[in-house]
Amino acid sequence: METVHKTQTFKTVDLIYSALFATLIMIGANITSFAPFLTVGGVPITLQTFFAILAGLVLGSKKGAIACTVYMAIGLAGAPVFSKFTGGFSAILLPTFGFIVTFIVSAYIAGKIAETYKTRLAYIIAALIAMAINYILGTTWMYFAYTLWAAAPEGFSYKLAWLWMIPPMPKDIILAIFAGFFAFRIQKVLKILPIKQS
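Residues numbered from 1 in each chain as written. Predicted model: local features only at pLDDT ≥ 70, side-chain atom pairs only at ≥ 80, totals over all residues. Heavy atoms only, no water.

Visitor: When you look at the side chain of aspartate 172 in this model, what are you seeing that I'm missing?
Guide: In this fold, aspartate 172 is placed in helix 8 (residues 169-190). A distance of 2.6 Å separates polar atoms of two side chains, one belonging to aspartate 172 and the other to tyrosine 135. Once residues lying within four places of it in the same chain are set aside, the contact partners of aspartate 172 are Thr46, Met131 and Tyr135. (Helix = DSSP H or I, 4+ residues; strand = E, 2+ residues; numbered from the N terminus. Polar contact = N/O pair within 3.5 Å; in protein donor to acceptor, adjacent residues only side chain to side chain. Contact = heavy atoms within 4.5 Å.)

Right under this line is the structure:
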């Protein structure tokens, strides 16, 4: 009976942590609703990427990916949790929806690296790799969206799509490094994933 109780408690904690990070991503998504000038080329400058990467580093690959999947599913179901308090299944047609999908991949990869190497440096590198993946896949999705179904601005090209991503990039690099440091310290307290004391 004691073993069963511990297993149930563990699953409950996992659910709470996943819900917490899904909520943090929702909050990070809507910063531009209070500061609308933080939008470049139609791409909102938000804290979604930071919290998605943090979810992977803190919860691990599977649970971090689940937290991001929960966030995406809630938005697609109609809750206004995407950027600028939007939501609904039609969001998949937005050029920026690729970044939301990529949060799942980024969280999983960041978590997998953290689970494997367990050092502070590994956490920082994992966060930077996850950020790069989010940028590469998200920007590529945006390019094809504007090319295939969305109304593209005049003179739009893959190069222009990347030019749009330059302004938020320094902020995301800094936040990724911070996420690595912060997640490693959190692990010392929560001990969700094993770490090497370095």
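After presenting the structure, the write-up continues.
Visitor: Looking at this structure, how should I read the packing of aromatic side chains?
Guide: Geometrically, a pair of aromatic rings is defined through the distance of the ring centres and the angle of the planes. Tallied over the full model, the rule gives 14 aromatic pairs. With centroids separated by 5.1 Å and ring planes inclined at 65°, the aromatic side chains of phenylalanine 50 and phenylalanine 51 adopt a geometry described as edge-to-face. Phenylalanine 51 gets classed as buried once you look at its relative accessible area, which sits at 13%. For the ring pair tyrosine 143 and phenylalanine 144, a centre distance of 5.3 Å and an interplane angle of 65° mean the geometry is edge-to-face. Exposure remark for tyrosine 143: the relative accessible area of 24% places this residue in the partly exposed category. (Phe/Tyr/Trp six-rings, centres within 6.5 Å; stacked < 30°, edge-to-face > 60°. Buried < 20%, exposed > 50% of the residue type's maximum accessible area, 1.4 Å probe, protein only.)

Visitor: How should unusual backbone geometry be read in this particular structure?
Guide: Glycine aside, negative phi is the norm for most residues, and most peptide bonds take the trans geometry. The phi dihedral of lysine 118 falls on the positive side, at around 65°, and the residue is not glycine. Along the polypeptide, lysine 118 turns up in the loop between helix 5 (97-117) and helix 6 (120-148). What makes lysine 118 partly exposed here is its relative accessible area of 22%.

Visitor: What is the right way to read the confidence of the model for the protein from this model?
Guide: Detail in the predicted coordinates should be disregarded across regions flagged by low pLDDT. When the pLDDT values of the protein are averaged, the result is 87; 88% of them are 70 or greater. Averaged over each element, pLDDT in the protein is lowest for strand 2 (residues 43-44) (60) and highest for helix 6 (97). Note that residues 1-9 has pLDDT below 50 and, in this model, zero contacts with residues that lie over four places away or in other chains. (pLDDT = per-residue confidence, 0-100.)

Visitor: Just checking my understanding: could you explain the packing of helix 3 (residues 48-59) against helix 6 for this structure?
Guide: Each pair of packed helices can be described by the angle between their axes along with the distance between the axes. One can describe the packing of helix 3 onto helix 6 by two numbers: an axis separation of 10 Å at closest approach and a directional angle of 135°. In terms of axis orientation, helix 3 runs oblique to helix 6. Crossing handedness for the pair helix 3 and helix 6: right-handed. Taken together, the residues of helix 6 that come into contact with helix 3 (itself represented by Thr49, Ile53 and Leu57) are Tyr123, Ala126, Ala127, Ala130, Met131 and Asn134. Of the residues that constitute the contact of helix 3 with helix 6, the class distribution is seven nonpolar, two polar and no charged. (Axes fitted to C-alpha atoms, helices over the stretch in contact; angles between N-to-C directions. Parallel < 35°, antiparallel > 145°, perpendicular 65-115°, else oblique. Left-handed = near helix turned anticlockwise from the far one by under 90°. Nonpolar A, V, L, I, M, F, W, Y, C, P; charged D, E, K, R; others polar.)

Visitor: What is the right way to read the nonpolar core from this model?
Guide: Most often, soluble globular proteins keep nonpolar side chains buried together rather than apart. Judged by nonpolar contacts, the single largest core of 52 residues is most densely connected at Ile53, Leu54, Leu57, Tyr71 and Phe82. Taken together, the elements giving at least two residues each to this core come down to helix 1 (2-29), helix 3, helix 4 (61-76), helix 5, helix 6, helix 7 (158-165) and helix 8. Residues within four places of leucine 57 in sequence aside, it is in contact with Ala110, Gly111, Ala114, Tyr123, Ala126, Ala127, Ala179, Gly180, Ala183, Gln187 and Leu193. (Core = buried A, V, L, I, M, F, W, Y, C linked by side-chain atoms within 4.5 Å.)

Visitor: Can you help me understand a nonpolar patch on the surface in this one?
Guide: There is a patch of nonpolar side chains on the surface, built from Leu93, Phe144, Leu148 and Trp149 and spanning about 450 Å² of accessible area. Along the chain, leucine 148 turns up in helix 6. (Patch = residues over 30% accessible without salt bridge, like charges linked within 9 Å, V, L, I, M, F, W, Y side chains within 5 Å. Areas by Shrake-Rupley, 256 points an atom, 1.4 Å probe, with all protein chains shown as cover. Salt bridge = Lys/Arg side-chain N within 4 Å of Asp/Glu carboxyl O.)

Visitor: Help me out: how do you make sense of helix 4 in this one?
Guide: Since the α-helix packs 3.6 residues into each turn, any two residues three or four apart lie on the same face. An ideal rise of 1.5 Å per residue puts 22 Å on 16 residues; helix 4 measures up with 22 Å between its terminal C-alpha atoms. Taken together, the buried positions of helix 4 are occupied by Ser61, Gly64, Ala65, Ala67, Cys68, Tyr71, Met72, Gly75 and Leu76. Backbone geometry just after helix 4 places glycine 78 at a positive phi near 120°. (Expected span 1.5 Å × (residues − 1).)

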